[in-house]
Each structure stands twice: as structure tokens, then as C-alpha cells.
Amino acid sequence: MNNSQISEKIKLLSSMMNLLEENPFKIRAFDKASRIIENHPEEMGVLIDEDRLKDVPGIGDGLAHIILYYAKSGMTSLEKELTEKLPHGLPELLTLPGLGVKKVRQLWQENGINNLDELKLAAEQNLLAELKGFGPKIQLKLIDAIAFREQHSRHFHLDIALKVADEWQAIIESFTSIQRIELTGQLRRGNELLESVDFIVQADLPSLIKELESTNCNLLSDSDPIILHDKSGMSVHLNICSSENFFSNQLLLTGGDIYQKDIKRILKTGGMSTVQNFVDDKAIKPASEEALCHALGLKWIEPELRDHFGADSNGFELITTPDIKGIFHAHSTWSDGVNSLQEMALATRDLGYQYLGISDHSQAAYYANGLQPERVRAQWDAIDELNDKLSDFHVFKGIEADILKNGDLDYDEELLQGFDFVIASIHSHFHMDSVKQTDRIIRALQSPLTTMLGHPTGRMLMAREGYNPDMPAIISVAAEYDKIIEINTTPKRLDLDWRHLKFAREKGVKISINPDAHRMASLATIPLGVKMARKGGISPSDVINSLNVDEMETYLRSRGTR
């Protein structure tokens, strides 16, 4: 588990103890620990491995023990103990938006509503609308939240899936029964949400099962595919094959609806088993998936493209992580970041990038310590001093300016003109209707002072759908006014949705792959955004931060924001 996941778990323990009216001092300690973990610049797993967890202020021996178990196994005895004291399913209500401890206790103790199914039934029967402290609006929000939860109940974020895949591949590759193992399925295609991690494995099945059992792997099924249970809750599928059918299985199991239709069309069949029949009939031994596609008469395309592009697509030169030369959209302790300006700059440089575009929050984001005008100017001075020290790296002066309700940018024009770049983002009034929200964003894009649009739809994967703007209209306006749109690489956002990138590419809109980093560790999420860009057919020339530092300086100066 990463810091965010551990923090959520500790917060849930606090809420469960609160429901049970346990020691208030212990509850407050857990609340505090949750915030400490969420905001700590280093991952808890690293601190545990280096025996430094005890050095974190506010984390005593008891909490350290709990954090260790969450980081390593995903469960603690305390969570199990508290869960057993509460009605089955009640803790899940604590994770719904809009339901705090007070409301959950009311539902449980006064109304006998103990789980998601009972809450859903009460909402559908219009019972919540009559309860004190609820009402029709909250009832409607809960109906939407429950539906959203049910839709994603078995999903995991891409960063979790990649970590699970790396850990299991390292384990399985060490087995003597394994000749070859590669990713397949949704993770090979780079989907943002996944139900499982899927491998294709060339191995002797009986020997592999023995090795899995001897290493105490959590084996759920020894059929084909073999199903393993990871501590994160994800299932890991091992699809077993021989050397003769490895690449035909790889082609089929990787999936991608559009590409699969092309295979069926070429083979003139509704079934997919004929790929292997073709290999057998032709007595060919393809050395790769690409060679197999060539033998089939099918154009091979990158796995990430197979959800949205067919084999008749023109050639793509897809963006890769090394193509990214610098980073925009990062926060520091000047607003709500965890690390200082210098720490963020040095961490970015240490990752091999040439520049950092710092963009702390603007004054309207008071809850995030947004910068008042005098603090903006003070930060500019601090950036000048830092750039004087860093001869091999450059920090660009930016801001994440709130898009106000009427579409204006936060700050007056004179101050905005002093920045190297301006990211315009929505952080308030999420519930405006789609037409008004779209008009609001379009007005911000029409400002000559806007450089790029941040997290365009406001979605939070598995948490909220976002504010549902008309993205084709917004992309068209961005093209008309020469504005950049970001792919926000925060794992819970990955926004802009890759499904809109094909149209953005056709319209000539530049993309910036941005981490929205509030800590040094988040700078490393750039590869997730690259995955999304690749799914949309984005090339290095489409991505603005593939420019080197000199090219970027020239580009920003030519935009005339300063």
C-alpha cells in the first residue's frame, strides 16, 4: 500500500473507533497519524525497509506496528477486531462521500441501516429524504454515490496494478518451472482502471503449482488460468501456455475491442480460436506477436492503441517516458505541497528532467493556502534566487489559477502577466450543470493569459465522475485559441481521459503530461500519463513538455504572458 492508501485505512480505523465510542485520545491520535502519513514526503514502505518509521514525529510504537502491517500485508488485527464489533457492512458506509461518523451512527442506531444494500433500498424508497440531517438532496447524492461505487467495486487504479505486477513478476521469474512470463490483458493495454493483473506464462503447470505452494503464495485456483490473491486485494491471473501457442495467446489475451474485430474480419470468423488453428495449419513458428500478425495479414499496432484504433490506422510514433524533458504543475510548501520549492526542484532534476514549472494554488483556493499577490511576488524572488544557484536546471514561474464561477481567472491581468505560464483549473462549484460548466471553461480558455487547462473534467476515478463538460467543444476552443490541455498523471485522476485524445490530436491541440505533484514522490507518476497519451495515439511532437529547456523558454516567451 502507498501512503494515500495507508492514510485512508488509518482514518477508517479512527472512524470505526469513533462509532464504537472508544478512547477519544486514541481516536485523535489516529486522525493525526492519518494526516501525517498522507503528507509525509517519503513512502511508509521505504521507511519500514530502512527501519526509519520510528523517526516520524507523531507515530508511536502501536501505530508503527499497524502501518507496517498495512504496508506489507494490507490488513491488521485491529481492523479485523473493530469490524467484528460492528454490523457486517457498516464500515463501508463510512467511505461514502457525504456520510461522516455522525450520520452513519444515526443510520445504524436509530434506523437500523447497517450496510450498502440497506442504504440503497432506503434511498430508493425515499426514506432518507425524511430523516433529520439528510433530506432529498443528500438522498439523491447517496443514490448516485452508491451506483458509482457498485460500478467500480472490483476496480483498482493503474499505479497499484503496476506495482502488483512488478512484485509478482519478480517472484514468478525466479521459479525454475518458468520459461517465459509477460503481461497481457488490460494492464498491457494500459487501462486506467483494472480488475486483475494478467500474465501469459510459458511453464510446466504441475511444477509451477508446486513452486507456488512451496512459497506460500495465496493460491485461489490451480486451474487455467491460475488465480493468485495479492495483499492489495487484486487477483493475479497466470495464463499457462506452451512455446507453440505463446504468441497466439498473447495476441488474443491482450484484447482491445477494435483490434479484435480486425482479427475476426481477416480470419472471416466470429470465433478467436482460429488464430491458433491458423498457426497450426500453416506450420509456422512466429518469433514474436508482431511476426504472427504479419503472417495473418494483420498490421501490428502497439497494445495501448488496441482499444481505440484499428489495424488500418496510420503509423504512430508514440510518446515514451524518456521523451519528457520537463515537468509542469507541481506544488510546494508555499501553498499545500509537502516539500519546499528547492526540494521539488532538486527532486525533479534528480529524475533527469531539465526544468520544473512550479504552480502553487492561487488566492481563491484559501483552503490550500493559496498565494495572495504579495506572496506571489515573494515566490518569484525565491525562484530567481534558486535559478541563480542551479546552472543545470531551470524553474519556471507559474500558478494554478482558479477558474472562478463566471469563467474569470483568479488575480488581475497585471499580476497574471508576470508568470511564465498559467494553468487554469476548476476547484469549486463542481455541481453547475454541464452547459454552464462548459461555458465557464471556454471563457477561461479564451483569456490570452491562460497557457493550459488543468484536470479538464475534474474526475476522480472510483470517487466522482467530474463535472461533465462538453469536451469536444472545449478541445475545439483550445485549438482555436492555441491552448494546451494537460493529462494530469495523479493516479486517481488521469484526466484528460484518453478517449478524448484522438480528437485533440486531430485538432492539433498540444498536450502537457503533468504530475500535479504535491510531494517529491508524485513526480514519478509521469509514466502513468505517458500510458494514457499512448492510448490516445499521442506522439512526442504533440506533447509540449517534450521540448528541452531552451526550446521551452523560447516557446513560453513567444506566448507573451510576460
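Given the structure is predicted, the values throughout are model-derived calculations rather than measurements.

K.L.:
With reference to specific residues and values, describe the nonpolar core.
P.N.:
Proteins that are soluble and globular tend to have nonpolar side chains buried together. Counting residues in hydrophobic clusters, the biggest one holds 90 residues, and the most contacted among them are Leu208 and Leu238. No other element matches helix α10 (residues 158-173), which puts 7 residues into this core. Setting aside its immediate chain neighbours within four residues, Leu238 contacts Ile172, Phe199, Val201, Leu208, Leu212, Asp224, Pro225, Ile226 and Leu228. Membership of the second largest hydrophobic core comes to 47 residues, among which are Met1, Ile36, Leu99 and Leu131.

K.L.:
Provide a residue-level description of the sheet that holds strand β6 (residues 226-229), including the pertinent values.
P.N.:
Across the sheet, 5 strands lie side by side as β2-β4-β7-β6-β5; this open sheet has mixed pairing. If you trace the sheet from one side to the other, it starts and ends with β2 (178-184) and β5 (219-221), each paired once. Strand-to-strand twist in this sheet, taken as the mean axis angle between neighbours without regard to direction, amounts to 30°. Pairing analysis gives 7 bridges linking strand β4 (residues 196-203) to strand β7 (residues 235-241), with the strands arranged parallel. Its bridge partner lying in β7, Val201 is registered against Ile240. Against the sheet, α10 engages β2, β4, β6 and β7, with an angle of about 20° to β4. Packing against the sheet, helix α13 (residues 246-254) makes contact with β2, β4 and β7, and its axis sits at approximately 20° to β2.

K.L.:
Which residues make up the environment of Tyr467, and what are the values?
P.N.:
Within the secondary structure, Tyr467 is located in the loop between β12 (452-453) and α21 (471-480). Residue Tyr467 is classed as buried on the basis of its relative accessible area of 4%. In contact with Tyr467, not counting residues within four places along its chain, are Ile426, Phe430, Ser434, Gln437, Ile441, His455, Pro456, Thr457 and Gly458.

K.L.:
Quick rundown of the packing of aromatic side chains? Include the residues and the values.
P.N.:
A ring pair, where both rings are aromatic, is described by two values, the distance of the centres and the angle of the planes. The tally for this structure, following the rule as stated, stands at 10 aromatic pairs. Aromatic pair Phe328 and Phe421: ring centres 4.8 Å apart, planes at 75°, arrangement edge-to-face. Of the two residues, Phe328 sits in strand β8 (residues 326-330) while Phe421 sits in strand β11 (residues 421-425), which places them 93 residues apart along the sequence. A relative accessible area of 1% means that Phe328 is categorised as buried. Ring geometry for Tyr366 against Tyr367: centres 5.5 Å apart, planes inclined by 75°, an arrangement best described as edge-to-face.

Conventions and cut-offs
Residues numbered from 1 in each chain as written. Predicted model: local features only at pLDDT ≥ 70, side-chain atom pairs only at ≥ 80, totals over all residues. Heavy atoms only, no water. Core = buried A, V, L, I, M, F, W, Y, C linked by side-chain atoms within 4.5 Å. Buried < 20%, exposed > 50% of the residue type's maximum accessible area, 1.4 Å probe, protein only. Helix = DSSP H or I, 4+ residues; strand = E, 2+ residues; numbered from the N terminus. Contact = heavy atoms within 4.5 Å. Pairing = 2+ DSSP bridges. Axes fitted to C-alpha atoms, helices over the stretch in contact; angles between N-to-C directions. Phe/Tyr/Trp six-rings, centres within 6.5 Å; stacked < 30°, edge-to-face > 60°.

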